[in-house]
Amino acid sequence: QVQLVESGGGSVEAGGSLRLSCAVSGYTDSTYCMGWFRQAPGKDREVVATIHSDGSTNYADSVKGRFTISKDNAKNTLYLQMNSLKPEDTAMYYCAARGSWSYRCSSRSAQYIFWGQGTQVTVAS
């Protein structure tokens, strides 16, 4: 069992920055792949970024160069630094853990079994 709790969301003007945090508890050794996903109203959930236990990262094309995913293993916390925010970044953001090992972290939400409740990010135009 893994528990995830997001925080750090809020409202920001276009061009601003936010840092999201995800506190991880439970069987943290099973969090081989972790990721941030987002879902805007009326749209499907989509991957934002993933990070493997070996430190490898992948980003959606829409956020490359602007967002950075990282983790602090000592604090059992996952982060998403979001810079140069755009109105199209507005969404509910979720952190997730896959729970099983793979060489490459999947970008499909269905492959992740542990989810937080989400934190809202709103970017004003």
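Criteria and thresholds
- Residues numbered from 1 in each chain as written.
- Predicted model: local features only at pLDDT ≥ 70, side-chain atom pairs only at ≥ 80, totals over all residues.
- Heavy atoms only, no water.
- 1 Å grid on protein atoms, 1.4 Å probe; cavity = no way out; pocket = protein on both sides within 12 Å on 5 of 7 lines; lining within 4 Å.
- Points joined across faces, edges and corners; volume = space filled by probe spheres on them.
- Helix = DSSP H or I, 4+ residues; strand = E, 2+ residues; numbered from the N terminus.
- Nonpolar A, V, L, I, M, F, W, Y, C, P; charged D, E, K, R; others polar.
- Disulfide = S-S within 2.5 Å.
- Buried < 20%, exposed > 50% of the residue type's maximum accessible area, 1.4 Å probe, protein only.

1. A short note on the layout of surface pockets
Quantified by volume, the largest pocket comes out at close to 210 Å³. As for the largest pocket, its lining consists of 15 residues, and the residues nearest its centre are Thr28, Thr31, Met34, Lys71 and Asn73. Mapped by element, the contributors of at least two residues to the lining of the largest pocket are strand S5 (46-52), strand S7 (67-72) and strand S8 (77-82). Broken down by class, the residue content of the lining of the largest pocket amounts to five nonpolar, seven polar and three charged.

2. Structural notes on the state of the cysteines
Scanning the model with the defined rule gives two disulfides in all. Two residues, Cys22 and Cys95, share a disulfide whose sulfurs are 2.1 Å apart. Taking the sign of the S-S torsion, about 60 degrees here, the bridge from Cys22 to Cys95 comes out right-handed. One end of the pair, Cys22, is in strand S3 (residues 18-26); the other, Cys95, is in strand S9 (residues 91-97), and 73 residues separate them in sequence. For the pair Cys22 and Cys95, one class covers both residues: buried. The residue that forms a disulfide with Cys33 is Cys105, at a sulfur-sulfur distance of 2.1 Å.

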